[in-house]
Amino acid sequence: MPVNTSRGAGFIEGATVNPEPLMLRLHYERSWKSDYEIECLRQANVRGARGHRAAERAFRAGESEYEIHLAYLRASDQTEEEIPYSNIIALNDNASVLHYTQHERQRIDVTRRHSFLIDAGAAVNGYASDITRTYSREDDEFAQLIGAMDEMQQGLVAEVAPDVNYPDIHMSAHRGVAGIVVRFDFVRGLDAAGVVEKRISSAFLPHGVGHFLGLQVHDVAGFAANSHGATLAKPEGHPYLRLTRRVQPRMVFTIEPGLYFIEPLLSELQKSENAKYINWPKVDAFRKFGGIRIEDDVVVTAHGRDNLTRTAFAEVS
(Lines give C-alpha, C1' and ligand atoms only; values in the text may rest on other atoms or scores of the structure.)
Protein backbone atom coordinates (compact mmCIF):
# COMPACT_ATOMS: atom_id res chain seq x y z
CA MET A 1 0.00 0.00 0.00
CA PRO A 2 1.23 3.55 -0.67
CA VAL A 3 2.37 5.58 2.35
CA ASN A 4 0.41 8.82 2.80
CA THR A 5 2.93 11.15 4.48
CA SER A 6 0.33 13.91 4.82
CA ARG A 7 -1.36 11.78 7.50
CA GLY A 8 1.81 11.30 9.53
CA ALA A 9 5.07 9.45 9.09
CA GLY A 10 4.56 5.78 8.36
CA PHE A 11 0.78 6.00 7.91
CA ILE A 12 -0.43 3.39 5.42
CA GLU A 13 -3.47 4.35 3.36
CA GLY A 14 -6.40 2.05 4.17
CA ALA A 15 -4.72 0.47 7.20
CA THR A 16 -6.76 -0.15 10.36
CA VAL A 17 -5.31 0.99 13.67
CA ASN A 18 -5.62 -1.68 16.36
CA PRO A 19 -7.77 -4.07 14.28
CA GLU A 20 -10.29 -5.88 16.45
CA PRO A 21 -9.23 -9.45 15.52
CA LEU A 22 -5.66 -8.66 16.55
CA MET A 23 -6.69 -6.96 19.80
CA LEU A 24 -8.98 -9.87 20.74
CA ARG A 25 -6.10 -12.29 20.24
CA LEU A 26 -3.65 -10.14 22.19
CA HIS A 27 -6.07 -9.63 25.07
CA TYR A 28 -6.86 -13.35 25.25
CA GLU A 29 -3.18 -14.30 25.33
CA ARG A 30 -2.54 -11.79 28.10
CA SER A 31 -4.61 -14.02 30.40
CA TRP A 32 -1.55 -16.22 30.94
CA LYS A 33 1.34 -14.48 32.65
CA SER A 34 5.05 -15.17 32.02
CA ASP A 35 7.57 -15.79 34.81
CA TYR A 36 8.67 -12.17 34.45
CA GLU A 37 5.11 -10.86 34.79
CA ILE A 38 4.41 -13.03 37.83
CA GLU A 39 7.62 -11.81 39.46
CA CYS A 40 6.57 -8.19 38.85
CA LEU A 41 3.19 -8.92 40.43
CA ARG A 42 4.92 -10.61 43.35
CA GLN A 43 7.15 -7.57 43.94
CA ALA A 44 4.14 -5.26 43.61
CA ASN A 45 2.49 -7.21 46.42
CA VAL A 46 5.54 -6.81 48.66
CA ARG A 47 5.57 -3.07 48.02
CA GLY A 48 1.84 -2.87 48.67
CA ALA A 49 2.11 -4.93 51.86
CA ARG A 50 4.67 -2.47 53.24
CA GLY A 51 2.22 0.34 52.62
CA HIS A 52 -0.63 -1.57 54.24
CA ARG A 53 1.41 -2.24 57.38
CA ALA A 54 2.19 1.48 57.67
CA ALA A 55 -1.44 2.43 57.04
CA GLU A 56 -2.66 0.17 59.83
CA ARG A 57 -0.13 1.73 62.23
CA ALA A 58 -1.34 5.21 61.22
CA PHE A 59 -4.96 4.18 61.84
CA ARG A 60 -4.07 2.81 65.27
CA ALA A 61 -2.28 6.10 66.02
CA GLY A 62 -5.44 8.10 65.33
CA GLU A 63 -4.40 9.73 62.06
CA SER A 64 -6.87 11.10 59.49
CA GLU A 65 -7.72 9.43 56.19
CA TYR A 66 -5.41 11.85 54.40
CA GLU A 67 -2.55 11.18 56.81
CA ILE A 68 -3.04 7.43 56.48
CA HIS A 69 -2.93 7.84 52.71
CA LEU A 70 0.39 9.69 52.95
CA ALA A 71 1.77 7.02 55.30
CA TYR A 72 0.87 4.40 52.70
CA LEU A 73 2.61 6.30 49.91
CA ARG A 74 5.77 6.78 51.94
CA ALA A 75 6.02 3.15 53.05
CA SER A 76 5.30 1.76 49.58
CA ASP A 77 7.71 4.30 48.02
CA GLN A 78 5.19 5.65 45.52
CA THR A 79 3.87 9.01 44.43
CA GLU A 80 0.24 9.75 43.62
CA GLU A 81 1.10 9.41 39.94
CA GLU A 82 2.70 5.99 40.39
CA ILE A 83 -0.01 4.08 42.27
CA PRO A 84 -2.07 1.84 39.98
CA TYR A 85 -5.43 3.20 41.19
CA SER A 86 -6.73 5.80 43.63
CA ASN A 87 -6.33 4.56 47.19
CA ILE A 88 -9.50 3.84 49.14
CA ILE A 89 -8.79 4.99 52.70
CA ALA A 90 -12.11 4.78 54.53
CA LEU A 91 -12.80 5.31 58.22
CA ASN A 92 -16.09 4.27 59.81
CA ASP A 93 -19.17 4.35 57.57
CA ASN A 94 -17.12 5.70 54.65
CA ALA A 95 -16.19 2.04 54.12
CA SER A 96 -19.72 1.45 52.85
CA VAL A 97 -18.87 3.49 49.73
CA LEU A 98 -17.25 0.91 47.46
CA HIS A 99 -15.01 3.37 45.58
CA TYR A 100 -14.55 5.98 48.29
CA THR A 101 -11.63 8.36 47.59
CA GLN A 102 -12.43 11.45 49.66
CA HIS A 103 -9.38 11.35 52.01
CA GLU A 104 -10.81 13.50 54.81
CA ARG A 105 -8.21 15.80 56.40
CA GLN A 106 -9.84 16.07 59.83
CA ARG A 107 -8.87 13.59 62.51
CA ILE A 108 -11.72 11.78 64.24
CA ASP A 109 -11.95 11.75 68.03
CA VAL A 110 -11.00 8.36 69.44
CA THR A 111 -14.50 7.82 70.83
CA ARG A 112 -15.89 8.06 67.29
CA ARG A 113 -13.24 5.98 65.49
CA HIS A 114 -14.68 2.55 64.83
CA SER A 115 -13.21 0.94 61.73
CA PHE A 116 -10.79 1.28 58.84
CA LEU A 117 -10.94 -0.19 55.32
CA ILE A 118 -7.99 0.26 52.98
CA ASP A 119 -7.96 -0.81 49.33
CA ALA A 120 -4.56 0.17 47.95
CA GLY A 121 -2.07 -1.33 45.53
CA ALA A 122 1.38 -0.79 44.13
CA ALA A 123 3.04 -0.98 40.73
CA VAL A 124 6.29 -2.62 39.62
CA ASN A 125 7.30 -2.20 35.98
CA GLY A 126 3.68 -1.43 35.14
CA TYR A 127 2.22 -4.51 36.89
CA ALA A 128 -0.26 -3.84 39.69
CA SER A 129 -1.10 -5.33 43.02
CA ASP A 130 -4.61 -4.85 44.41
CA ILE A 131 -4.95 -5.43 48.16
CA THR A 132 -7.71 -4.73 50.67
CA ARG A 133 -7.77 -5.09 54.44
CA THR A 134 -10.24 -4.06 57.15
CA TYR A 135 -9.58 -3.30 60.82
CA SER A 136 -11.61 -2.60 63.94
CA ARG A 137 -10.36 -0.11 66.55
CA GLU A 138 -11.60 -2.34 69.36
CA ASP A 139 -11.51 -6.08 70.04
CA ASP A 140 -15.27 -6.16 69.60
CA GLU A 141 -17.92 -8.01 67.63
CA PHE A 142 -16.94 -6.13 64.47
CA ALA A 143 -13.42 -7.53 64.91
CA GLN A 144 -14.98 -10.99 65.18
CA LEU A 145 -16.93 -10.30 61.99
CA ILE A 146 -13.67 -9.35 60.24
CA GLY A 147 -12.14 -12.59 61.48
CA ALA A 148 -15.06 -14.60 60.09
CA MET A 149 -14.76 -12.85 56.74
CA ASP A 150 -11.00 -13.44 56.64
CA GLU A 151 -11.50 -17.15 57.33
CA MET A 152 -14.16 -17.35 54.63
CA GLN A 153 -11.95 -15.47 52.15
CA GLN A 154 -9.12 -17.93 52.74
CA GLY A 155 -11.57 -20.74 52.06
CA LEU A 156 -12.34 -19.16 48.69
CA VAL A 157 -8.62 -18.93 47.90
CA ALA A 158 -8.29 -22.63 48.75
CA GLU A 159 -10.84 -23.39 46.02
CA VAL A 160 -8.50 -22.02 43.35
CA ALA A 161 -7.04 -24.75 41.14
CA PRO A 162 -6.62 -25.43 37.41
CA ASP A 163 -9.92 -25.69 35.51
CA VAL A 164 -12.04 -24.28 38.35
CA ASN A 165 -14.91 -22.17 37.03
CA TYR A 166 -14.40 -18.70 38.51
CA PRO A 167 -18.16 -17.98 38.84
CA ASP A 168 -18.31 -21.01 41.16
CA ILE A 169 -15.94 -19.17 43.51
CA HIS A 170 -18.19 -16.12 43.27
CA MET A 171 -21.20 -18.19 44.29
CA SER A 172 -19.19 -19.72 47.14
CA ALA A 173 -18.57 -16.16 48.34
CA HIS A 174 -22.31 -15.52 48.44
CA ARG A 175 -22.89 -18.72 50.39
CA GLY A 176 -20.10 -17.71 52.75
CA VAL A 177 -21.50 -14.23 53.34
CA ALA A 178 -24.97 -15.74 53.77
CA GLY A 179 -23.67 -18.09 56.44
CA ILE A 180 -21.94 -15.21 58.25
CA VAL A 181 -25.00 -12.91 58.31
CA VAL A 182 -27.03 -15.79 59.77
CA ARG A 183 -24.30 -16.69 62.28
CA PHE A 184 -23.98 -13.06 63.46
CA ASP A 185 -27.76 -12.67 63.72
CA PHE A 186 -28.20 -10.08 60.97
CA VAL A 187 -30.67 -12.44 59.29
CA ARG A 188 -33.24 -14.58 61.09
CA GLY A 189 -35.61 -17.30 59.95
CA LEU A 190 -33.47 -18.48 57.03
CA ASP A 191 -30.44 -20.69 56.59
CA ALA A 192 -27.55 -19.70 54.32
CA ALA A 193 -29.11 -21.38 51.29
CA GLY A 194 -32.32 -19.40 51.83
CA VAL A 195 -30.39 -16.13 52.13
CA VAL A 196 -28.76 -16.77 48.74
CA GLU A 197 -31.97 -18.01 47.13
CA LYS A 198 -33.84 -14.85 48.15
CA ARG A 199 -30.82 -12.78 47.01
CA ILE A 200 -30.51 -11.16 50.41
CA SER A 201 -26.78 -11.87 50.24
CA SER A 202 -26.53 -9.40 47.33
CA ALA A 203 -27.59 -6.57 49.66
CA PHE A 204 -24.49 -7.30 51.76
CA LEU A 205 -22.17 -8.32 48.89
CA PRO A 206 -23.15 -6.25 45.82
CA HIS A 207 -19.97 -6.69 43.74
CA GLY A 208 -18.12 -9.53 42.04
CA VAL A 209 -15.64 -11.60 44.02
CA GLY A 210 -12.70 -10.57 41.85
CA HIS A 211 -11.08 -9.87 38.48
CA PHE A 212 -8.00 -10.54 36.37
CA LEU A 213 -4.86 -8.64 37.37
CA GLY A 214 -1.83 -7.59 35.34
CA LEU A 215 -0.82 -4.50 33.41
CA GLN A 216 -4.29 -3.23 34.22
CA VAL A 217 -5.83 -3.51 37.67
CA HIS A 218 -8.97 -4.86 36.05
CA ASP A 219 -7.11 -6.76 33.36
CA VAL A 220 -8.58 -7.64 29.99
CA ALA A 221 -10.37 -10.75 28.66
CA GLY A 222 -12.28 -11.60 31.82
CA PHE A 223 -15.27 -12.77 29.78
CA ALA A 224 -13.41 -14.24 26.78
CA ALA A 225 -14.48 -17.72 25.66
CA ASN A 226 -11.80 -17.74 22.97
CA SER A 227 -9.47 -15.44 21.05
CA HIS A 228 -12.11 -14.62 18.42
CA GLY A 229 -14.50 -12.53 20.51
CA ALA A 230 -16.94 -15.06 21.94
CA THR A 231 -17.84 -14.34 25.57
CA LEU A 232 -18.98 -16.23 28.66
CA ALA A 233 -22.11 -14.93 30.37
CA LYS A 234 -22.27 -13.79 33.99
CA PRO A 235 -24.42 -15.82 36.41
CA GLU A 236 -28.03 -14.68 36.48
CA GLY A 237 -28.56 -12.04 39.13
CA HIS A 238 -24.84 -11.23 39.43
CA PRO A 239 -24.21 -8.47 36.88
CA TYR A 240 -21.05 -7.05 38.49
CA LEU A 241 -18.80 -10.11 38.25
CA ARG A 242 -15.76 -9.23 36.10
CA LEU A 243 -14.42 -12.75 35.44
CA THR A 244 -16.44 -15.68 34.07
CA ARG A 245 -13.75 -18.02 32.79
CA ARG A 246 -12.33 -21.35 33.91
CA VAL A 247 -8.99 -20.54 35.44
CA GLN A 248 -5.73 -22.06 34.25
CA PRO A 249 -2.11 -22.08 35.46
CA ARG A 250 -0.39 -18.68 35.14
CA MET A 251 -3.63 -16.74 35.39
CA VAL A 252 -3.60 -14.09 38.13
CA PHE A 253 -6.68 -12.57 39.73
CA THR A 254 -8.10 -11.18 42.94
CA ILE A 255 -10.31 -12.88 45.51
CA GLU A 256 -12.14 -10.09 47.36
CA PRO A 257 -15.40 -10.90 49.14
CA GLY A 258 -17.06 -8.14 51.12
CA LEU A 259 -19.81 -7.60 53.64
CA TYR A 260 -21.17 -4.04 53.80
CA PHE A 261 -23.87 -1.94 55.40
CA ILE A 262 -24.71 0.29 52.41
CA GLU A 263 -27.53 2.74 53.08
CA PRO A 264 -29.28 2.65 49.65
CA LEU A 265 -29.17 -1.17 49.51
CA LEU A 266 -30.41 -1.53 53.07
CA SER A 267 -33.18 0.98 52.34
CA GLU A 268 -34.21 -1.07 49.31
CA LEU A 269 -34.09 -4.27 51.37
CA GLN A 270 -36.20 -2.67 54.08
CA LYS A 271 -38.94 -1.92 51.54
CA SER A 272 -38.93 -5.47 50.12
CA GLU A 273 -40.75 -8.61 51.22
CA ASN A 274 -37.44 -9.87 52.58
CA ALA A 275 -37.37 -7.14 55.24
CA LYS A 276 -39.04 -9.52 57.72
CA TYR A 277 -35.92 -11.69 57.79
CA ILE A 278 -33.58 -8.87 58.81
CA ASN A 279 -32.68 -8.14 62.42
CA TRP A 280 -32.82 -4.39 61.89
CA PRO A 281 -31.63 -3.29 65.36
CA LYS A 282 -28.49 -5.41 64.85
CA VAL A 283 -27.95 -4.06 61.33
CA ASP A 284 -28.46 -0.50 62.57
CA ALA A 285 -25.81 -1.01 65.24
CA PHE A 286 -23.27 -1.96 62.56
CA ARG A 287 -23.92 0.85 60.09
CA LYS A 288 -21.22 2.96 61.78
CA PHE A 289 -18.56 0.42 60.70
CA GLY A 290 -19.36 0.75 56.98
CA GLY A 291 -18.25 -2.70 55.93
CA ILE A 292 -15.52 -5.24 55.36
CA ARG A 293 -13.51 -6.29 52.33
CA ILE A 294 -10.58 -8.73 52.31
CA GLU A 295 -8.63 -8.94 49.04
CA ASP A 296 -5.66 -11.06 47.97
CA ASP A 297 -3.90 -11.51 44.62
CA VAL A 298 -3.66 -15.16 43.58
CA VAL A 299 -1.77 -16.93 40.79
CA VAL A 300 -2.91 -20.35 39.62
CA THR A 301 -0.17 -23.00 39.69
CA ALA A 302 0.00 -26.43 38.06
CA HIS A 303 -1.60 -28.04 41.09
CA GLY A 304 -3.30 -25.25 43.02
CA ARG A 305 -2.56 -21.63 43.83
CA ASP A 306 0.04 -19.22 45.18
CA ASN A 307 -1.34 -16.39 47.31
CA LEU A 308 1.02 -13.55 46.43
CA THR A 309 -0.50 -11.21 49.01
CA ARG A 310 -0.30 -13.43 52.08
CA THR A 311 3.28 -14.32 51.23
CA ALA A 312 4.10 -10.62 50.86
CA PHE A 313 2.58 -9.73 54.24
CA ALA A 314 4.60 -12.53 55.86
CA GLU A 315 7.78 -11.09 54.33
CA VAL A 316 7.24 -7.57 55.64
CA SER A 317 5.92 -8.37 59.11
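Our subject in this report is the structure included herewith. (Residues numbered from 1 in each chain as written. Predicted model: local features only at pLDDT ≥ 70, side-chain atom pairs only at ≥ 80, totals over all residues. Heavy atoms only, no water.)

Under the definition given, this model contains 17 salt bridges. The partner of Glu39 in a salt bridge is Arg42, and the shortest N-O contact between them spans 3.6 Å. Of this pair, Glu39 and Arg42 both sit in helix H2 (residues 35–60), three residues apart, roughly one helical turn. Given a relative accessible area of 35%, Glu39 falls into the partly exposed group. Residue classification places Arg42 among the partly exposed positions, given a relative accessible area of 26%. Counted as one network, the salt bridges with shared partners bring together Arg133, Asp150, Asp296 and Arg310. (Salt bridge = Lys/Arg side-chain N within 4 Å of Asp/Glu carboxyl O. Helix = DSSP H or I, 4+ residues; strand = E, 2+ residues; numbered from the N terminus. Buried < 20%, exposed > 50% of the residue type's maximum accessible area, 1.4 Å probe, protein only.)

Below, the discussion takes up unusual backbone geometry. Excluding glycine, residues mostly have negative phi values, and the peptide bonds linking residues are mostly trans. Positioned with a positive phi, Asn92 is a non-glycine residue whose angle comes to about 55°. Mapped onto the secondary structure, Asn92 falls in the loop between strand S1 (88–91) and strand S2 (115–120). We classify Asn92 as buried; its relative accessible area is 9%. Here His103, not a glycine, exhibits a phi torsion of approximately 55°, which is positive. The topology assignment puts His103 in the loop between S1 and S2. Judged by its relative accessible area of 11%, His103 is buried.

Our focus in this paragraph is the sheet that holds S1. The strands that make up a sheet pair up through hydrogen bonds in the backbone, lying either parallel or antiparallel. The antiparallel open sheet is built from three strands, whose spatial order is S1-S2-S5. Each having just a single partner strand, S1 and strand S5 (131–136) make up the two edges of the open sheet. Neighbour-to-neighbour, the strand axes of the sheet open up by a mean angle of 5°, direction not taken into account. Looking at chain direction, S1 and S2 are connected through four bridges and run antiparallel. (Pairing = 2+ DSSP bridges. Axes fitted to C-alpha atoms, helices over the stretch in contact; angles between N-to-C directions.)

Counting residues in each nonpolar core, the largest one holds 51 residues, and the members touching the most others are Leu145, Phe204, Phe253 and Ile255. Contributions of two or more residues to this core are made by helix H4 (141–158), helix H5 (166–183), helix H6 (192–197), helix H7 (201–204), strand S6 (252–255), helix H8 (263–270), helix H9 (280–286) and strand S9 (296–300). Broken down by element, the residue count for this core peaks at eight residues, all from H4. Beyond its immediate chain neighbours, meaning those up to four positions away, Leu145 contacts Ile180, Phe184, Phe186, Leu259, Phe261, Phe286 and Ile292. Judged by nonpolar contacts, the second largest core, of 15 residues, contains Tyr72, Leu73, Leu91 and Ala120. (Core = buried A, V, L, I, M, F, W, Y, C linked by side-chain atoms within 4.5 Å. Contact = heavy atoms within 4.5 Å.)

Our next topic: the packing of H2 against helix H10 (residues 308–316). Between H2 and H10, the least distance of the axes is 8 Å, while the angle of their chain directions is 55°. When the axes of H2 and H10 are compared, the pair comes out oblique. For the crossing formed where H2 meets H10, the hand is right-handed. Between H2, through Leu41, Arg42, Asn45, Val46, Ala49, Arg50, His52 and Arg53, and H10, the contact on the second element is made entirely by Leu308, Thr309, Ala312, Phe313, Glu315 and Val316. Within the contact of H2 with H10, the residues separate by chemical class into seven nonpolar, three polar and four charged. (Parallel < 35°, antiparallel > 145°, perpendicular 65-115°, else oblique. Left-handed = near helix turned anticlockwise from the far one by under 90°. Nonpolar A, V, L, I, M, F, W, Y, C, P; charged D, E, K, R; others polar.)

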